[in-house]
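Structural characterization, general
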Amino acid sequence: MVESSGDAIYCNDVSKLFRRRKVLNNVQFSLGKGINILSGVNGSGKSTLFYILTGIMKPDGGSVSILGHDPWVSHEAAMKEVSFMLERPSVLGSASIREHIYWFSSIRGTGTESIKDYMHLFGVEYTLSSSFQSLSMGEMELVMLSCYLSCETPVFILDEPNSNVDVHRRSIISEVIRNKAKASNSIFLISTHIFDELLTTSDRVMVLKNGQITNTDGASGRRASILRTSDNIALRAALEVDFPDTSINGGAIFTSASIDNCVKAALERDITVFSYISIPEALRSIYE
Amino acid sequence: MNKRVLLSLIAGDLDPFFSVEITILFGVMIANYSMIGLLEIQPGQTQEGVVSFAISLFKAAYVPFILALTLVIYSMARTLEDGRFLTYISFPYSVRKVTSYMFTYSAIYPGVLLAAAIAVDSWAFSFSTWPLVPAVLIFYITCFSILFESMGLFLATLTRSPVLAGGILGSLYIFIIPTTIHKNIKSALMYAIAGPNFLKARVSSNSLYIYGGIFEVIMGIALLLLSFEIIRRRNLRPVGR
């Protein structure tokens, strides 16, 4: 049982069943200030957990608390403290960006200038005069994210905020969120199913697998490397000598070897490394 | 949180098919029809003649009115299911508040516009009894709109399909009830279900109009409360996810 208090998010033995499928199975955690990442593959229950945390869905078992409020019982009171960006937030008003920003700031009490500032940071201020239909999915996501980040709430819950954004802007998103978290001293809970830069900024990483939070680990903890190379088998054989946990999964090498060791081994064997990413060790379990 | 903003957004959401314009069209159509009717009304017309004229006005507007109500139900069901509803309640507004606003808007909006069109029409053509006719029509239209939209909301939450919810009610009131309605309505329940089709039938007592209207409102509120409960118990994930 997790003890709850008024300055954090608590999830006590939360379960959720869809027909016969148990999506969440006694999920239990508590979150404090900083950036918290919830990772998991598609269909692992990330969005469902967010819906329960925000009082949109009722858990079949267990309880949830956001800053001392039960979001199912006192939805409005709890959600006044939360900026919740849905995976697919709807456009407000008719389809123009300017109008959407106007409606959003009217409802949430944020300034339109603040939203425009974030749009400028994300490099999408040029869309202001455009209609939503003319934007790409990535641009839409950035406009929406600008709106939600402009809120001054103690809790931000963002459901896959960068899933359609290009690599360059993902880095910018990570940096902006890091700065926002630092400046506002807020709790950020962000879901993602991809290896991205958000992981490098996080204070805590949670993995949702088989309906349970299977592992938690801070970004500063143990890391794992994922490589795609011109000869995965040869490189795995080389790394296995010193790092027995090295394996190949889905066309990539997973290893606890550091980037220096990986590059050294690849260079010695004239193997080209196509991509390299360092992830928290906890995330390895998703892909194995 | 700003309730006026929420109502404005809901109004925009429920009018993607330009039902304002459709309703204005009703007004024009009614005006045309009443011009024809006016020619038939001679000085010294009896109360019965005025009522039959009002009935003919209403009959002319019946199918477009049902279509407008059906389109509003379609939009309401779509808002519930495409994730927009979730966006509203994440802002945060309570499920009950958003649903109530949607219901109030959808029940009042087409009815008020249609009744206003008839009222202006009646006034413009200088009926001696003009305040009576619009007042009675507003009462009938509002009561029926409340029942119709609550049935729509109930079906929308139950079937989770805009097409089914709108289609069932639209075809029921355009094709089935007008052709199967009894010629003699003897109970308030029958009147309430028949809606504006009571104009085709001979009602046995004037008090049935009032009781029927009240019955429509009571049934409407009961269905609305039932819809709240369904929404609370069902998971609000957008369909298709």
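Our subject is the structure that appears above.
Cut-off values and rules
- Residues numbered from 1 in each chain as written.
- Chains lettered and ligands numbered in written order.
- Predicted model: local features only at pLDDT ≥ 70, side-chain atom pairs only at ≥ 80, totals over all residues.
- Heavy atoms only, no water.
- Helix = DSSP H or I, 4+ residues; strand = E, 2+ residues; numbered from the N terminus.
- Contact = heavy atoms within 4.5 Å.
- Areas by Shrake-Rupley, 256 points an atom, 1.4 Å probe, with all protein chains shown as cover.
- Buried < 20%, exposed > 50% of the residue type's maximum accessible area, 1.4 Å probe, protein only.
- Pairing = 2+ DSSP bridges.
- Axes fitted to C-alpha atoms, helices over the stretch in contact; angles between N-to-C directions.
- Parallel < 35°, antiparallel > 145°, perpendicular 65-115°, else oblique.
- Left-handed = near helix turned anticlockwise from the far one by under 90°.
- Nonpolar A, V, L, I, M, F, W, Y, C, P; charged D, E, K, R; others polar.
- Phe/Tyr/Trp six-rings, centres within 6.5 Å; stacked < 30°, edge-to-face > 60°.
- Buried area = accessible area lost by both parts, 1.4 Å probe.
- Salt bridge = Lys/Arg side-chain N within 4 Å of Asp/Glu carboxyl O.

Considerations on the overall build of chain A
- For chain A, the helix and strand inventory stands at 9 helices and 13 strands.
- Of the contacts formed within chain A by residues at least 6 apart in sequence, a portion of 67% connects residues at least 24 apart.
- Of the roughly 12100 Å² that chain A leaves accessible, carbon and sulfur atoms contribute 48%.

A look at the overall build of chain B
- Within chain B one finds 9 helices and 2 strands.
- Counting over 241 residues, chain B shows a buried share of 53%.
- When the accessible surface of chain B is totalled, it reaches about 10800 Å², and 68% of it is carbon and sulfur.

Considerations on the sheet that holds strand S12 (residues 252-255) of chain A
Residue and element names in this part refer to chain A.
- The strand order across the open sheet built from 4 strands is S11-S12-S10-S13, with neighbouring strands paired in antiparallel fashion. One side of each edge strand has no neighbouring strand; the edge strands of this open sheet are strand S11 (247-249) and strand S13 (273-280). For this sheet the average axis-to-axis angle between neighbouring strands, irrespective of direction, equals 25 degrees.
- Where S11 and S12 come together, 3 bridges link them in antiparallel fashion. If you follow Asn-249 over to S12, its bridge partner there is Ala-252.
- On top of the sheet, helix H8 (residues 232-240) reaches strand S10 (223-229), S11 and S12; it is set at about 10 degrees to S12, its chief contact.

Regarding the pairing of S10(A)
Residue and element names in this part refer to chain A.
- For S10, a buried count of 5 out of 7 residues is recorded, marking the element as mostly surrounded by other parts of the structure.
- Judged from the 7 bridges that link them, S10 and S13 form a sheet pairing that is antiparallel. Following the sheet pairing, Ile-226 is matched in S13 by Ile-277.
- Taken together, the 3 bridges between S10 and S12 define a ladder with antiparallel strand orientation. Paired with Ile-226 across the two strands is Phe-254, which belongs to S12.

Focus: the packing of helix H3 (residues 97-108) of chain A against helix H4 (residues 112-121) of chain A
Residue and element names in this part refer to chain A.
- Relative orientation of the contacting elements H3 and H4 amounts to 130 degrees, with a least axis distance of 9 Å. Relative to H4, H3 is oriented oblique. Crossing of H3 against H4: the hand is right-handed. Each of Ile-97, Ile-101, Tyr-102, Phe-104 and Ser-105 in H3 lies in contact with H4, whose residues at this interface are Thr-112, Ile-115 and Met-119.
- Residue composition of the contact of H3 with H4, by class: 6 nonpolar, 2 polar and no charged.

A look at the packing of aromatic side chains
Residues and elements named next belong to chain A.
- For the coordinates displayed, the defined rule picks out 9 aromatic pairs over all chains.
- On the basis of an interplanar angle of 85 degrees and a centroid distance of 6.4 Å, the ring pair of Phe-50 and Phe-84 is categorised as edge-to-face. Highlighted residues: Phe-50 in helix H1 (residues 46-53) and Phe-84 in strand S5 (residues 82-85), separated in sequence by 34 residues.
- Its relative accessible area of 0% is what places Phe-50 among the buried residues.
- Given the relative accessible area of 0%, Phe-84 is considered buried.

Remarks on unusual backbone geometry
Residues and elements named next belong to chain A.
- One non-glycine residue, Glu-160, adopts positive backbone phi at about 45 degrees.
- With relative accessibility at 6%, the residue Glu-160 sits in the buried group.
- One non-glycine residue, Asp-270, adopts positive backbone phi at about 60 degrees.

Some thoughts on the environment of Ile157(A)
All names here are of chain A.
- If you trace the backbone, Ile-157 turns up in strand S6 (residues 155-159).
- For the pair Ile-157 and Met-85, spaced 72 residues apart in sequence, the C-alpha separation works out to 6.3 Å.
- Sequence-distant contacts of Ile-157, defined by excluding residues within four places in its chain, comprise Phe-50, Leu-53, Thr-54, Ile-66, Val-82, Ser-83, Phe-84, Met-85 and Leu-189.

Considerations on the interface of chain B and chain A
- With 24 residues of chain B in contact, the opposing surface of chain A contributes 26 residues.
- For the pair chain B and chain A, the summed buried area comes to about 2400 Å², and 60% of that belongs to carbon and sulfur atoms.
- There are 1 salt bridge connecting chain B and chain A.
- Lys97(B) is the salt-bridge partner of Glu76(A), the closest N and O atoms lying 3.2 Å from each other.
- For the side of chain B that touches chain A, the elements supplying multiple residues, two or more each, are helix H1 (3-13) and helix H4 (84-89) of chain B.
- Counting residues per element, the side of chain B that touches chain A draws most heavily on H4(B), which supplies 5 residues.
- Here the side of chain B that touches chain A is composed, by residue class, of 11 nonpolar, 7 polar and 6 charged.

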